[in-house]
Amino acid sequence: MVEREVAWRVFAHEFIHSDYFFHDGDEFSPNYLVTPTGARVNRLYFVGVLTEIDNLGAGEDMWRARVSDPTGAFSVYAGQYQPQASVFLSGLDVPCFVAITGKARTYEPEDGTIYTSVRPEELNTANDSIRDRWIVDTARLTYERIGLVRSAMDSGLKGDELTDMLVQSGASPKLANGILRAVSHYTDLDKYLNTLSGVIVDTLKNLTSADQSPSPGIGISHAMEEVARSKPVDAMVKETPARYSIEGTQPTQSTEPAQPTQSPQPARSTEPAQPTQSPQSAQSIEPTQPTQSPQPARSTEPAQSTQSPHIVQSTEPENARVAGKEIDDGTTDSEPARPEEDKPEPDEMVYELMGIMDKGNGVPVTELVDESKRSGLTDEQVDGAVKTLMSEGRCYEPRIGVLRRV
Amino acid sequence: MEVKIAPHVDEIIRALGTTGTTVNQAIIKEELTRLLEFKVPVEEAKRSLLKKYGNIDLPSVKKLSELGAGERNIEVTARILEINTKVVGIKEQERTIFMGTMVDETGARSFTAWEDFGLEKGDVVKITNAYVRMWQGMPEINFGARSKVEKLDSSALEPLLSKDLERPVLLAELKEGDPAVHTVIRIMESAQREINTKNGPRTIVTGTAIDSTAKLPFTSWVPSPELTAGNTVEIKNAYMRSWQGIPTINIGEFTSVSHSETPIDDSDIAMVMDHVPIRLDKITDRDGAFDVSIEGNIISVRPGSGLITRCPECNRVIQKNICRVHGLVKGRNDMRIKYILDDGTGALTVVLGADLTQKVTGYSIEKAREIAGADMNLSAVEEKIRGKLMGLSMRMRGNMTKGEYGITLVASDVEVTEINPAAAAADLVKEIEGAIHHSPGQGDSDLW
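Remember, predicted model here, so these are calculated numbers, not experimental data.

J.: So what exactly am I meant to see when it comes to the overall build of chain A here?
T.: A count of helices and strands for chain A gives 16 helices and 12 strands. Residues classed as buried in chain A amount to 47% of the 406 residues present. By sequence separation, contacts in chain A at least 24 residues apart represent 69% of the contacts at least 6 residues apart.

This is the structure:
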C-alpha cells in the first residue's frame, strides 16, 4: 500500500518563497517542495480567488491561472494531461472563488531562480466562507510549523536527535524531516519566519474586521500578489515589504468593500495595482508571453459584458457556490451551452469524453460515438479524432471495439 | 576490522570435539579467516564451519521482536510473565501443555511448551531449539521434547522489563497482535452472545470499552461479572486481535479482569464521548480505529461515487447489469460517495452509504436517477456531487481500517461544519501575539 501524499496547507506567500525541490530514490519516487516552515509539499490544497485565466500558446492546450490568497498568488498550469482542469478553468469568469487540490511543480529558468506552480488534480468553485475557513486552518497549521522550526533552530540539535525532539513536540515524522531540510537549506530563516508570522497576523486581523464585508479581499489580494511576485525569490529574506504592502493595501479593502451588485467593479479595482508590478518578473515567469500582464485584463473584460453566466455569478458573490454550480454544470456536462469559439477541437472533446466515460475498463466505441454526437460532433469527426488520438499514442484499443486513454 | 581469530577457532574445535569429530586446526583457521575476509559476520562464519565439519546446527539467537513465522532452531532468552496449564487432546490422549507469555527487552510473545519444564512465573529462561508458529495471527514460540530449557539467574535480564509491562497502556496505543495487554477500561456496553464453535455453542461477552484516548470493542471468551456497563476494570494479560479490521481486546481464559480501584470518570472520557475530532496524522498511524471522529476538507471526490448498480445476489457493484459472479442480473440502484478527506496533516478515504449521501447532497436515489437521465449517464451524477462537495469542511464518525487500498473510514454519521472565521481568526491572533509576548527575544520587535 502506497501512502497517499497529504495535501499541505501553505499560504501563497510561503509557496512562492520556496525554492528547495528534492526527490529521493528512483525516478518513480515523488518530488517534494520543501517550504521555509518545513512543509514537505508534494500535494497541496488551497482556496483563493481566480484572478487571471489565459490560454497559452496556439496549438497546445495549456491553461494558466492565477489564484490569489490574501498573502500572494499561486500559479496554476493545466495542460493536455489535465483535460478536466482545463475545461473547468476555461469555463470560469474572473474573479471567483476556487478550491484546488494539486501537485507542487517548479520552473527553473536559466538564471538560477526557481518559480513554483501548481498542477491541478481537482478543482471546484468555492465561496467566501470556504475560503475564510481555509485561511484560518492554514494560518493555524503554518503557525504551528513556524513554532517547530523555531524550536529546531533554538535547540542546537542535529540529525536524529532533532527529529526525535520535533516528533516529541507533536510534528509528524514527515514534517520533522521537512524541518530538518528547511533549517539546513534556507538562509536567514529567522527573518523570513518573522515576515511570515507578520503576514499571517495581518491576514487574520483582516478576517476579523472583514466580518461585514460580503466578499473580502478580491482587490487587495490581487494587488498583494503582484508585489509578492515581483520579489526575486533568492532575496526573500531581505524582504519585509511584502508585509507592509499588505498594510498598505488594507485601506483599499475597508474603504471599498466589494459590492455584490457591481460586477465589473472588482475587475476594475485590480487594474490600478498592475502598474506596481515589475514587468520583468511577469516576463520571466511566463516566457511564452512576455506581454502577458495587460492581456488578461483586455481579454476578460469584454467577455464579462457579454457572457451571461458571469452576471449570474458576480451578482451573488456571497452565494458564489450556488452560482458556481451553474457555471460548473455548463462546463462539464453540457458542451453545447458554451460559446461556439470556446468549443475544443473534436480530438480533444473525444479524448475528454473517453476519460469521463471510462469507468475502468475502457469505453465501447459505439457509446463513445453516441456520446460525441450528443455533444454536436459528426460521425466523421469522431472517426477522425479516434484515428488521430491512436496515431498520437494517446489512446489504444485494449479489446476490439473498446477504446481507452493511455 | 580486526577479529581475534584464535578463541573462535578453539571454540569451533571444542564444539566439533563433542561430536567426536577432529579437524586440523590450521584448516579451520584458514577457512574462518577467509570467511571473515568476505565480511561474513563471525557468528555466521562459525555456524557454517560447524555445519560443514560436524553437521552441527547452531541455533540462531533471536530477540522476541525479531521472530517470524516458520523459524526453526532458535535460541531466546526471556522472562516468563505468565504461565498456565491447559489440557488438550492429542491423538486421543489427554496431555497437559503450558501456555503463557514471555518478555525480553524487545517485546512480549506468547508461547506454548509441549512438555513440563517446571517453569514458573518470573523465571528467566534460555530456550534453545525452539521454533515459531503462527497462532492467532502472531508468531508464537513453541518448544518441546527436543528443546533445551535452562533456567538462568533472574538478574540475567533487566528487572525493569516486566515492570514496564505492569504499566497499563492507553487504548489508543494498542496495536494489533499485542500479547500480554495490560489496560484499564470503562465498560460502555456489554452483552452476552451465543455463538457456535466447532465444539458446540458457547457464550461470549462482547461490548465496547473506553478510556481517555479511544473506544475499542472487546470480546471475552469467558463470562466475567465485572464486564458490566459502567464498571471500570483493570485487565491483565489480554491480547489484541483484529476483527473486521478493528483492533479488538480479547479476554481469554488466562486474562485477569478485576475491579479497578480508581474509576474512570465521565470527565476523563469527555473528549472521546463528545466526539472531539482527532487530527489525521495522529490517527493514520494506528492499525485501525473504532468509532472515531475526524474533520477535514473533501479534497477529492473519487470515481465511482454517485449512483451505482449492485448485484441483487451478492451486492457487488456491477456495470451494465452484468455481475462477474452471477452473470446477467437485474441490478439494484444504490448511492455512495467515496472521497478523500484531508486536514493538512493526514489523508484517508471516506465512504458514505446511500443515507449519508442523501444527507450531504440532498439527492435521493430517485433524484440521482433523474440527473442521470434516460440514458443513465452516471458521470453526470458524479460531477454534480463533486461540484457540491469538493472543498467543503466536514466532520464524520466511523470505523477506520487499513488495507490494500489504503486507509478507509466507513462513516456512520457526517455533517458539514461551519465555523465563525472572524472569531476563529481573532482567537488565533490572540494566541500568536500571546506567545510572542511570553517569549521575549524571539523575533525582531519592530516586525510586530
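From this point, the discussion proceeds with the structure in view.
J.: What is the right way to look at unusual backbone geometry in this model?
T.: With omega at -10 degrees, the peptide bond leading from Val-94 of chain A into Pro-95 of chain A counts as cis. Within the element layout of this structure, Pro-95 of chain A appears in the loop between helix H2 (83–90) and strand E8 (96–107). Look at Asn-237 of chain B: it is not a glycine, yet its phi comes out positive at around 65 degrees. As for its position among the elements, Asn-237 of chain B is in strand E11 (residues 232–243).

J.: Sorry if this is basic, but what is going on with the environment of Ile-130 of chain A here?
T.: Note that Ile-130 of chain A resides in helix H3 (residues 128–155). Overall, the presence of 23 C-beta atoms within 10 Å leaves Ile-130 of chain A in the buried class. Filtering out sequence-adjacent residues up to four positions away, Ile-130 of chain A remains in contact with Val-47, Phe-97 and Ala-99 of chain A together with Gly-391 and Leu-392 of chain B.

J.: Can you help me understand the sheet that holds strand E3 (residues 31–34) of chain A in this one?
T.: Two strands in a sheet stick together by hydrogen bonds in their backbones, pointing the same way (parallel) or opposite ways (antiparallel). Residue and element names in this part refer to chain A. One open sheet accounts for 3 strands, arranged E2-E3-E4; its pairing is antiparallel. Edge positions in the sheet fall to strand E2 (20–23) and strand E4 (40–41), since each has one partner strand and no second. Examined bridge by bridge, E2 and E3 share 4 bridges and lie antiparallel to one another. Looking across to E3, one finds that His-23 is bridged to Asn-31.

J.: How should the interface of chain A and chain B be read in this particular structure?
T.: One frequently used descriptor of interface size is the decrease in accessible area upon assembly of the parts. Residue-level contacts link 45 residues of chain A with 36 residues of chain B. The set of elements that each furnish at least two residues to the side of chain A that touches chain B consists of strand E1 (7–8), strand E5 (43–56), E8, strand E9 (115–125), H3, helix H6 (189–209), helix H13 (320–332) and helix H14 (346–357) of chain A. If one sorts the elements of the side of chain A that touches chain B by residue count, H3 of chain A sits on top with 12 residues. Grouping the amino acids of the side of chain A that touches chain B by side-chain chemistry returns 19 nonpolar, 11 polar and 15 charged.

J.: Where do I start with the packing of H3 of chain A against H6 of chain A in this structure?
T.: To describe two helices that pack against each other, one gives the angle between their axes and the distance between the axes. All names here are of chain A. Where H3 meets H6, the axes come as close as 10 Å, and the angle between the chain directions of the two elements is 155 degrees. Regarding the angle of H3 to H6, the classification is roughly antiparallel. Between H3 and H6 the crossing geometry is left-handed. Counting all contacts with H3, which are made through Asp-132, Ile-135, Ala-139, Thr-142, Tyr-143, Ile-146, Val-149, Arg-150 and Met-153, the residues of H6 involved are Leu-189, Asp-190, Leu-193, Leu-196, Ser-197, Ile-200, Thr-203, Leu-204 and Leu-207. Here the residues of the contact of H3 with H6 are counted per class, giving 12 nonpolar, 3 polar and 3 charged.

J.: For this particular structure, what's the right way to read the pairing of strand E15 (residues 306–310) of chain B?
T.: Along any regular strand, the residues point their side chains to alternate faces of the sheet. Residue and element names in this part refer to chain B. Most of E15 sits inside the fold, with 4 of its 5 residues counted as buried. Sheet topology places E15 next to strand E19 (residues 332–342); 5 bridges connect them, and they run antiparallel. Bridge pairing in E19 links Thr-309 to Asn-333. Taken together, the 2 bridges between E15 and strand E16 (residues 317–318) define a ladder with antiparallel strand orientation. Across the sheet, Thr-309 pairs through a bridge with Ile-318, a residue of E16. Counted between consecutive antiparallel strands, the loop separating E15 from E16 contains 6 residues, among which Asn-315 sits at a positive phi close to 70 degrees.

J.: Can you help me understand H6 of chain A in this one?
T.: Two residues of an α-helix separated by three or four positions point the same way, owing to the 3.6 residues in each turn. Between its terminal C-alpha atoms H6 of chain A stretches 30 Å, which fits the 30 Å expected from 21 residues at 1.5 Å a residue. Most of H6 of chain A is tucked away, with 15 of its 21 residues classed as buried.

J.: What should I look at first to understand the nonpolar core in this one?
T.: Note that soluble globular proteins tend to have their nonpolar side chains buried in a common cluster. Of all hydrophobic cores here, the largest spans 156 residues; its most connected members are Leu-44, Leu-50, Val-67, Val-98 and Ile-179 of chain A together with Ile-298 and Leu-341 of chain B. If one sorts the elements of this core by residue count, H3 of chain A sits on top with 10 residues. With sequence-adjacent residues up to four places away left out, Val-98 of chain A is seen in contact with Gly-48, Leu-50, Val-67, Leu-123, Asn-124, Thr-125 and Ala-126 of chain A. Counting 15 residues, the second-largest nonpolar core is a separate cluster that includes Tyr-351, Met-354, Val-363 and Cys-395 of chain A.

About the criteria used
- Residues numbered from 1 in each chain as written.
- Chains lettered and ligands numbered in written order.
- Predicted model: local features only at pLDDT ≥ 70, side-chain atom pairs only at ≥ 80, totals over all residues.
- Helix = DSSP H or I, 4+ residues; strand = E, 2+ residues; numbered from the N terminus.
- Buried ≥ 20, exposed ≤ 12 C-beta atoms within 10 Å, placed from the backbone.
- Contact = placed C-beta atoms within 7 Å.
- Pairing = 2+ DSSP bridges.
- Nonpolar A, V, L, I, M, F, W, Y, C, P; charged D, E, K, R; others polar.
- Axes fitted to C-alpha atoms, helices over the stretch in contact; angles between N-to-C directions.
- Parallel < 35°, antiparallel > 145°, perpendicular 65-115°, else oblique.
- Left-handed = near helix turned anticlockwise from the far one by under 90°.
- Expected span 1.5 Å × (residues − 1).
- Core = buried A, V, L, I, M, F, W, Y, C linked by C-beta atoms within 7 Å.

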